[in-house]
Amino acid sequence: MIVIAHLSDTHIDGGHRSSERTRAVMEYLESLPYDLDAVLVTGDIADHALPAEYEQARSLLTSRHPVVICPGNHDERAAFRQFLLGQPPSAAPVNQVHRTADFVIALCDSSVPGKDEGFLEDETLAWLEDVLGKTPAEVPVLVGFHHPPALLHVPFIDGIRQFGAERLAALTGRHPNLAAFLCGHAHTPAATTFAGRPLMVAPGVVSTLRLPWEHHAHPEDYVHLDQPPALAFHVLDDEGRLTTHYRCVTN
């Protein structure tokens, strides 16, 4: 049984609120009487892509469990690499792979510099195809990125989703061991499908999205700020079945 914690959208901004909500989630994971196989963080790590925000995030997201992180639309690639990952700065897509004998996580950079919507560059799709091609057929691959490639039926999010997703769908059809897609961006726990695979959306750490059929104080009232931070646990069993549990974290 493989157990992966999945959090997203910490939006570290140098303030107390975002850092304490992130700290609460990470302390909860540290206190578990179980060694997780990975902790996945799917983007919007910093709110303004400032070096100090990434340095704070780097400290907060340290764990005894393996941590893998990808950028979102609030992140900036060069600063993300330099101040969060400790790598030389570069404007190229931040694509990373976490390999074990039992599973693989391929984290794709769906960010588009200067824009809120997402898109997987040709370079990223070629990288993902290579990762999948080099993975034995019996080893499941979980593909993560920030932007969901499918409609969530929330206009605010759907307008800045991952576009060009038909290219990803075509790639998926060539690789039966691609087990699921994992993303963030929406600030709400959600579950749907894409290209015949599960598409699991992590809740937001910093805030929770108001759904279109919920109460809004005014048209721009998009998020709940008073709900607790939350995360997902993805369980991949020996039959290749993915089960997801969602948890709120209170101090």
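Here's what I pulled together on the structure shown here. (Residues numbered from 1 in each chain as written. Predicted model: local features only at pLDDT ≥ 70, side-chain atom pairs only at ≥ 80, totals over all residues. Heavy atoms only, no water.)

1. Digging into the sheet that holds strand E15 (residues 242-248)
Item 1. With respect to topology, 5 strands assemble into an open sheet ordered E3-E2-E1-E14-E15, the strand pairing being mixed. Of all strands in the sheet, those with a lone pairing partner are strand E3 (67-70) and E15, marking the two edges. Between one strand axis and the next, the sheet turns by 20 degrees as a mean value, whatever way the strands run.
Item 2. Sheet topology places strand E1 (residues 2-7) next to strand E14 (residues 230-236); 5 bridges connect them, and they run antiparallel. Residue pairing in the sheet places Ala-5 in a bridge with Phe-233 of E14.
Item 3. Lying on the sheet, helix H1 (residues 16-30) is in contact with E1, strand E2 (38-42), E14 and E15; it crosses E14 at an angle near 35 degrees. (Pairing = 2+ DSSP bridges. Helix = DSSP H or I, 4+ residues; strand = E, 2+ residues; numbered from the N terminus. Axes fitted to C-alpha atoms, helices over the stretch in contact; angles between N-to-C directions. Contact = heavy atoms within 4.5 Å.)

2. Re the nonpolar core
Item 1. Leu-7, Leu-29, Leu-36, Ile-45, Tyr-54, Leu-231 and Phe-233 are the most contacted members of the largest nonpolar core, which has 29 residues in total.
Item 2. Within the residue set of this core, elements represented by two or more residues are E1, H1, E2, helix H2 (51-60), helix H3 (77-85) and E14.
Item 3. In terms of residue count, H1 provides more of this core than any other element does, 4 residues in total.
Item 4. With residues up to four places along the chain from it excluded, the contact list for Phe-233 reads Val-3, Ile-4, Ala-5, Tyr-28, Leu-29, Leu-32, Leu-36, Thr-243, Thr-244, His-245 and Arg-247.
Item 5. Within the second largest apolar cluster, 28 residues are counted, among which are Val-104, Ala-106, Phe-145 and Leu-171. (Core = buried A, V, L, I, M, F, W, Y, C linked by side-chain atoms within 4.5 Å. Buried < 20%, exposed > 50% of the residue type's maximum accessible area, 1.4 Å probe, protein only.)

3. Details of the packing of aromatic side chains
Item 1. Enumeration according to the criterion identifies 5 aromatic pairs in this entry.
Item 2. Residues Phe-156 and Tyr-222 carry aromatic rings whose centres are separated by 3.9 Å and whose planes lie at 10 degrees to one another, so their mutual orientation is stacked. Here Tyr-222 lies in the loop between strand E12 (208-209) and strand E13 (223-224) and Phe-156 lies in helix H5 (residues 155-158), a separation of 66 residues in the sequence.
Item 3. On the basis of relative accessibility, which here comes to 38%, the residue Phe-156 falls in the partly exposed class.
Item 4. Three or more aromatic residues link up through ring pairs in this structure, and these residues are Phe-145, Phe-181 and Phe-194. (Phe/Tyr/Trp six-rings, centres within 6.5 Å; stacked < 30°, edge-to-face > 60°.)

4. Side note on unusual backbone geometry
Item 1. The phi dihedral of His-153 falls on the positive side, at around 65 degrees, and the residue is not glycine.
Item 2. If you trace the backbone, His-153 turns up in the loop between strand E7 (141-144) and H5.
Item 3. Taking relative accessible area as the criterion, His-153 reaches 58% and is therefore assigned exposed.
Item 4. The backbone of His-187 shows a phi angle near 60 degrees, a positive value even though the residue is not glycine.
Item 5. Here His-187 lies in the loop between strand E9 (178-183) and strand E10 (190-194).

5. As for the packing of helix H4 (residues 122-133) against helix H6 (residues 165-173)
Item 1. Between H4 and H6, the shortest axis-to-axis distance is 11 Å and the interhelical angle comes to 15 degrees. Accordingly, the angle class assigned to the pair H4 and H6 is roughly parallel. Taken as a pair, H4 and H6 cross one another with a handedness that is right-handed. Residues Asp-122, Leu-125, Leu-128, Glu-129 and Leu-132 of H4 lie in contact with H6, whose contacting residues are Arg-167, Leu-168 and Leu-171.
Item 2. In terms of residue class, the contact of H4 with H6 is built from 5 nonpolar, no polar and 3 charged. (Parallel < 35°, antiparallel > 145°, perpendicular 65-115°, else oblique. Left-handed = near helix turned anticlockwise from the far one by under 90°. Nonpolar A, V, L, I, M, F, W, Y, C, P; charged D, E, K, R; others polar.)

6. Overview of the pattern of salt bridges
Item 1. Enumeration according to the criterion identifies 10 salt bridges in this entry.
Item 2. Put simply, Arg-23 and Glu-20 hold a salt bridge, and the shortest N to O gap is 3.1 Å. In this pair, Arg-23 and Glu-20 are both assigned in helix H1, 3 residues apart and thus about one turn of the helix distant.
Item 3. Take Arg-23: its relative accessible area is 33%, and that puts it in the partly exposed class. (Salt bridge = Lys/Arg side-chain N within 4 Å of Asp/Glu carboxyl O.)

In short, the description is geometric, and any link to function would need to be established separately.
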